[in-house]
Amino acid sequence: MKLEGVNDRNQAEDLRGTPLVVPVEDRLPLDPGEFHVNDLIGLQATLQADQTVLGTVTNVFTMGHDLLEVTVVEPELSAVEVTVSEDAKEKTATSSTSENLSENASSIRAKAAEKLRRKAKRAQKRKKPKTLLIPFVEDIVPVVDIAAGKIEITPPPGLIEL
């Protein structure tokens, strides 16, 4: 390969590690069933049977055959709900000791619930996202729709353990 303006080994060494970028319009044409790696990254992966969203294609590995790395969409942590009785919510002008205790208990429950929410949020941030490696073969990935931004997969039993 020869690059314009690079005439000797020293000039070539200066370019080591520099990304080689080709404009989209200059990419080689592909045969049906072939795809550019950059076109696959970012596609939404769904199960063909029921259109359940698995995640997003985040990488493509070439090792004998291509593997799609899909970062799994994790379900949202359910918020801890605190139910406070109507009696504890209402404040009256004449509050008795038992009413003050009820309000205090509600406040303690609310603080505890908030602490649990913060702890769950921190745990979710620390958690590394789960990824799946999907063989990129037509039997398992029968539909690749670049225009729609998705792929559909039909995994064999045991390939996806969610």
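This text gives an overview of the structure that appears in the document. (Residues numbered from 1 in each chain as written. Predicted model: local features only at pLDDT ≥ 70, side-chain atom pairs only at ≥ 80, totals over all residues. Heavy atoms only, no water.)

## Some points on the pattern of salt bridges
The full count for this structure, using the stated rule, is five salt bridges. Salt-bridge contacts for R118 lead to E114; the nearest nitrogen and oxygen are separated by 3.9 Å. Of this pair, R118 and E114 both sit in helix α4 (residues 97-126), four residues apart, which is roughly one turn of the helix. Of the residues examined, R118 reaches a relative accessible area of 42% and is grouped as partly exposed. By relative accessible area, E114 is classed as partly exposed at 34%. Its salt-bridge partner being K150, residue E152 comes within 3.1 Å of it at the nearest N-O pair. Using a relative accessible area of 21% as the deciding quantity, one classes K150 as partly exposed. Residues joined by salt bridges that share partners form a network here, namely E114, R117 and R118. (Salt bridge = Lys/Arg side-chain N within 4 Å of Asp/Glu carboxyl O. Helix = DSSP H or I, 4+ residues; strand = E, 2+ residues; numbered from the N terminus. Buried < 20%, exposed > 50% of the residue type's maximum accessible area, 1.4 Å probe, protein only.)

## Thoughts on the side chain of E69
Note on placement: E69 falls in strand β3 (residues 65-72). With residues up to four places along the chain from it excluded, the contact list for E69 reads T56, V57, T58, N59, F61, T131, L132 and L133. (Contact = heavy atoms within 4.5 Å.)

## Concerning the packing of aromatic side chains
According to the stated counting rule, one finds one aromatic pair in the structure shown. When the centroid spacing of 6.0 Å and the interplanar angle of 50 degrees are considered together, the rings of F35 and F136 count as tilted. Separated by 101 residues along the polypeptide, F35 in the loop between α1 (9-14) and α2 (37-40) and F136 in the loop between β4 (131-135) and β5 (143-145) bring together distant segments of the chain. (Phe/Tyr/Trp six-rings, centres within 6.5 Å; stacked < 30°, edge-to-face > 60°.)

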